[in-house]
Amino acid sequence: MQLDRGKIVKELRVLKKTYSFYKRIEMVPALICAFSGLWILIDIIRCYKIIISNGNVFVPWSIVAIVCSLLLYKILNKIKLSVQRKYEMVFKRMMAEPILRSTFENIKYNPEKGFSRHEVKKMQLLLMNISLDEHFESEDLIEAEYMGVQFMQSDILLSEYRRRNDNYIRPKDYEGREILIDGRLARFSYKLDIKGVVQIATKKGMKWKRYMGKKRVEVEDTEFNKNFDVFADDEHSVFYALTPQVIDYFNSLRVGNKEQIAATMDGEFLYVLRYGKGGLFKADIKEEFDIDQKEKQIYAEIAEMQRLVKVLHLHKRAERE
Amino acid sequence: MEAMFGLLFIIILIWFVLNMNGIRAAELKVEEADSGIDVALTKRYDVLTKQLAAVREYVSYESKTLFETIRLRSGMTIGEKIEVSDKMNAVSSQIRLTAEQYPQLGSSANFVQLQNSITDVEEHLQAARRLYNANVTAYNTKIAMFPVSIVAGVMGKRKKQLFEAEETKRQDVEIKL
């Protein structure tokens, strides 16, 4: 796959410079607001001198300056964010999308669309203590087929303003909200003859034998039981869905990896959410852009999607249907 | 002093009853998984019957005879179930090999559908077997660990057998046309 590397780097560099420019001039109104206490104090002294001494009309220039600075700051911040957005769109359209189109046939890609909140709730992913009613964004929806298996993937971001009483230091999004989930959610066609759902998630130290009406099940693999919690409506369905190949696959995801994983099988689809390392189409304008590294990252993510289909034999199941 | 002994006796009694119930609960899980194997074996037998009927004119006499020796009844021991499962494995392997010998059979829609059903019921049997073995392992571990082993001894509980199909037998299949 031949990318127009020169053009990509040039366009992104221009946008990065524009972003840095607006970030610098944004400091001016920010500084004015930072010293607002001082300006108000000066105005109080002026006010006393003017009213008591001369009786002239007093104009509170400090308040005017502060209000104008706040407005200017907001405008510059909005422009800055739009430049950041444009940077991401250029990266997606010029780099990520061509690579995806060269790998998968019949692919549909929409950078502005993703899974809806309602769809994600229906997936019944095991996200303990994380509510899907918080701030939710999903974009970069890919719909494609690989080895006869239909799949969809989208980046998702879940964040909240509320500060949690735990020891985790969470990164913040562009609005200052704490990020709870920032990752990729994929849906694969996976017909299974099971009762209810089978939910798998990275272990979080929960000891309950039941959760949301489902019972905890342990399989024969101790490594898997150490790394993952499994909850299901029916024990037999767990052993039917979690074959030795599936167990090995999930174990391999945990090797040297700090990503959190949540997966659900509902008899029609397999949903896999991987979060903790950001989305597939992320290009941070604040970081140095290394085109080779980004290309490798995109190919690695695509290879991971393909590996899931092959290792779990999703294509063999698709052939049987 | 007597009150202390009385209290101690009650504590031991409660501990004994709790562990008795724990052992019985583990045993019930084993029995439940055992019945899961029965269901899976029955389903497999039914599908194999249909498949054998579809390929009757192609398979060997020995395959048909082998299948006729398979008898499913309620109350079978694990050993008997293992034997039945192994026989079904042998018949299933012979049918697959026969299909490879006769392409017109292997490509027929009816046979392909039956083959998919067989794969499905075999996967269910695998799951039932693994679930049974997981419960038996938990039960055997529970009654072997001290001091629960004392309670198990009093109840007369013994280790249960795992369901281990003899995989090697699946390899010993001759093609007889």
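This structure is a prediction, so every number in the text was calculated from the model and none was measured.

What about the overall build of chain B?
Then step 1. Within chain B, the regular secondary structure consists of 6 helices and 0 strands.
Then step 2. Its helices and strands taken in sequence order, chain B reads α-α-α-α-α-α from the N to the C terminus.
Then step 3. Taking 2.2 N^0.38 as the reference for a compact globule, 177 residues should give roughly 16 Å; the C-alpha atoms of chain B span a radius of gyration of 23 Å, well beyond that estimate.
Then step 4. With the C-alpha coordinates aligned to their principal axes, the bounding extent of chain B is approximately 85 × 25 × 25 Å.
Then step 5. For chain B, the residues scored as buried account for 38% of the 177 residues in total.
Then step 6. Considering only intrachain contacts with a sequence separation of at least 6, the fraction spanning at least 24 residues in chain B is 79%.
Then step 7. Of the roughly 10200 Å² that chain B leaves accessible, carbon and sulfur atoms contribute 59%.

Digging into the interface of chain A and chain B
Then step 1. Counting residues at the interface gives 12 residues for chain A, matched by 12 residues for chain B.
Then step 2. Counting each side, the surface lost to burial between chain A and chain B is near 1200 Å², with a carbon and sulfur contribution of 49%.
Then step 3. Summed over the three residues of chain A that lose the most area to chain B, namely A:His236, A:Phe239 and A:Arg320, the buried surface amounts to 52% of that side.
Then step 4. Our count for the contact surface shared by chain A and chain B stands at 2 salt bridges.
Then step 5. In this assembly, chain A and chain B are joined by 7 residue pairs in polar contact (both at pLDDT 80 or more).
Then step 6. Elements with a minimum of two residues in the side of chain A that touches chain B: helix H7 (235-241), helix H8 (244-254) and helix H10 (314-320) of chain A.
Then step 7. Residue composition of the side of chain A that touches chain B, by class: 5 nonpolar, 2 polar and 5 charged.

Observations regarding the packing of helix H4 (residues 61-103) of chain A against helix H9 (residues 291-311) of chain A
All names here are of chain A.
Then step 1. As a packed pair, H4 and H9 sit with axes 11 Å apart at the nearest point and diverge in direction by 40°. With respect to H9, the axis of H4 lies oblique. H4 and H9 meet at a crossing whose hand is right-handed. Contact residues: H4 offers Phe91, Met95, Ala96, Ile99, Leu100, Ser102 and Thr103, while H9 offers Ile291, Lys294, Glu295, Ile298, Tyr299, Ile302 and Gln306.
Then step 2. Its residues placed into classes, the contact of H4 with H9 shows 9 nonpolar, 3 polar and 2 charged.

Let's talk about the pairing of strand E10 (residues 269-275) of chain A
All names here are of chain A.
Then step 1. Judged by how many residues are buried, E10 sits mostly within the fold: 6 of 7 residues are covered.
Then step 2. Relative to E10, strand E4 (residues 178-189) runs antiparallel, the two being bridged by 7 bridges. Its bridge partner being in E10, Arg187 is matched across the sheet by Tyr271.
Then step 3. The sheet contact formed by strand E9 (residues 260-265) and E10 spans 6 bridges and is antiparallel. Bridge pairing in E10 links Thr264 to Tyr271.
Then step 4. The turn linking E9 back onto E10 is made up of 3 residues, and Gly267 within it adopts a positive phi angle of 95°.

Section: the sheet that holds strand E6 (residues 210-211) of chain A
All names here are of chain A.
Then step 1. An order of E1-E2-E3-E4-E10-E9-E5-E8-E7-E6 is seen for the 10 strands of this open sheet, with the pairing classed as antiparallel. With partners counted over all chains shown, the strands left at the sheet margins are strand E1 (105-110) and E6, one partner each.
Then step 2. Pairing analysis gives 4 bridges linking strand E5 (residues 198-202) to E9, with the strands arranged antiparallel. Bridging across to E9, Val198 finds its partner in Met265.
Then step 3. The sheet contacts of H9 involve strand E2 (135-146), strand E3 (149-160), E4 and E10, and relative to E4 the element is tilted by about 45°.

Digging into the side chain of B:Glu27
All names here are of chain B.
Then step 1. Mapped onto the secondary structure, Glu27 falls in helix H1 (residues 2-54).
Then step 2. Judged by its relative accessible area of 7%, Glu27 falls in the buried class.
Then step 3. A polar atom in the side chain of Glu27 sits 3.5 Å from the side chain of Lys160.
Then step 4. Aside from chain neighbours lying at most four places away, what touches Glu27 is Tyr139, Lys157 and Lys160.

Re the nonpolar core
Then step 1. In terms of nonpolar packing, the biggest core is built from 99 residues, with A:Met95, A:Phe188, A:Ile200, A:Phe224, A:Leu242, A:Phe250 and A:Met265 touching the most fellow members.
Then step 2. The element contributing the most residues to this core is helix H5 (residues 109-144) of chain B, with 11 residues.
Then step 3. Discounting chain neighbours no more than four positions away, the residues touching A:Phe188 are A:Val149, A:Gln150, A:Phe151, A:Glu268, A:Phe269, A:Leu270, A:Met305, A:Leu308, A:Val309 and A:Leu314.
Then step 4. Counting 19 residues, the second-largest nonpolar core is a separate cluster that includes A:Phe136, A:Ile156, A:Leu180 and A:Leu273.

Side note on H9(A)
All names here are of chain A.
Then step 1. In this model, H9 (21 residues) spans 30 Å end to end at C-alpha, consistent with the 30 Å of a helix rising 1.5 Å per residue.
Then step 2. By the burial criterion, the buried members of H9 are Ile291, Lys294, Glu295, Ile298, Glu301, Ile302, Glu304, Met305, Gln306, Leu308 and Val309.
Then step 3. Count one or two residues on from H9 and you reach His313, which has phi positive near 55°.

Side note on the pattern of salt bridges
All names here are of chain A.
Then step 1. This structure, assessed with the given rule, holds 31 salt bridges over all chains.
Then step 2. The salt bridge involving Asp43 is made with Arg46; its shortest N-O contact spans 2.4 Å. Pair noted here: Asp43 and Arg46 are both in helix H3 (residues 36-54), with a separation of 3 residues, about one helical turn.
Then step 3. With a relative accessible area of 27%, Arg46 lands in the partly exposed category.
Then step 4. Across the salt bridge formed by Glu88 and Arg85, the nearest N and O atoms sit 3.3 Å from each other. Remark: Arg85 and Glu88 occur in helix H4; sequence separation between them is 3 residues, near one turn of the helix.
Then step 5. For Glu88, a relative accessible area of 15% gives the class buried.
Then step 6. It is possible to trace a salt-bridge network through shared partners that takes in Arg184, Glu259, Arg274, Glu301, Glu304 and Arg307.

Things to note about the packing of H8(A) against H9(A)
Residue and element names in this part refer to chain A.
Then step 1. It is at 10 Å that the axes of H8 and H9 come closest, and there the two elements cross at 155°. Judged by the angle between their axes, H8 and H9 are roughly antiparallel. Residue-level contacts link Gln245, Tyr249, Ser252 and Leu253 of H8 to Glu304, Arg307, Leu308 and Val311 of H9.
Then step 2. Split into classes, the residues belonging to the contact of H8 with H9 amount to 4 nonpolar, 2 polar and 2 charged.

Cut-offs used in this document
- Residues numbered from 1 in each chain as written.
- Chains lettered and ligands numbered in written order.
- Predicted model: local features only at pLDDT ≥ 70, side-chain atom pairs only at ≥ 80, totals over all residues.
- Heavy atoms only, no water.
- Helix = DSSP H or I, 4+ residues; strand = E, 2+ residues; numbered from the N terminus.
- Rg over C-alpha atoms; globule rule 2.2 N^0.38 Å.
- Buried < 20%, exposed > 50% of the residue type's maximum accessible area, 1.4 Å probe, protein only.
- Contact = heavy atoms within 4.5 Å.
- Areas by Shrake-Rupley, 256 points an atom, 1.4 Å probe, with all protein chains shown as cover.
- Buried area = accessible area lost by both parts, 1.4 Å probe.
- Salt bridge = Lys/Arg side-chain N within 4 Å of Asp/Glu carboxyl O.
- Polar contact = N/O pair within 3.5 Å; in protein donor to acceptor, adjacent residues only side chain to side chain.
- Nonpolar A, V, L, I, M, F, W, Y, C, P; charged D, E, K, R; others polar.
- Axes fitted to C-alpha atoms, helices over the stretch in contact; angles between N-to-C directions.
- Parallel < 35°, antiparallel > 145°, perpendicular 65-115°, else oblique.
- Left-handed = near helix turned anticlockwise from the far one by under 90°.
- Pairing = 2+ DSSP bridges.
- Core = buried A, V, L, I, M, F, W, Y, C linked by side-chain atoms within 4.5 Å.
- Expected span 1.5 Å × (residues − 1).

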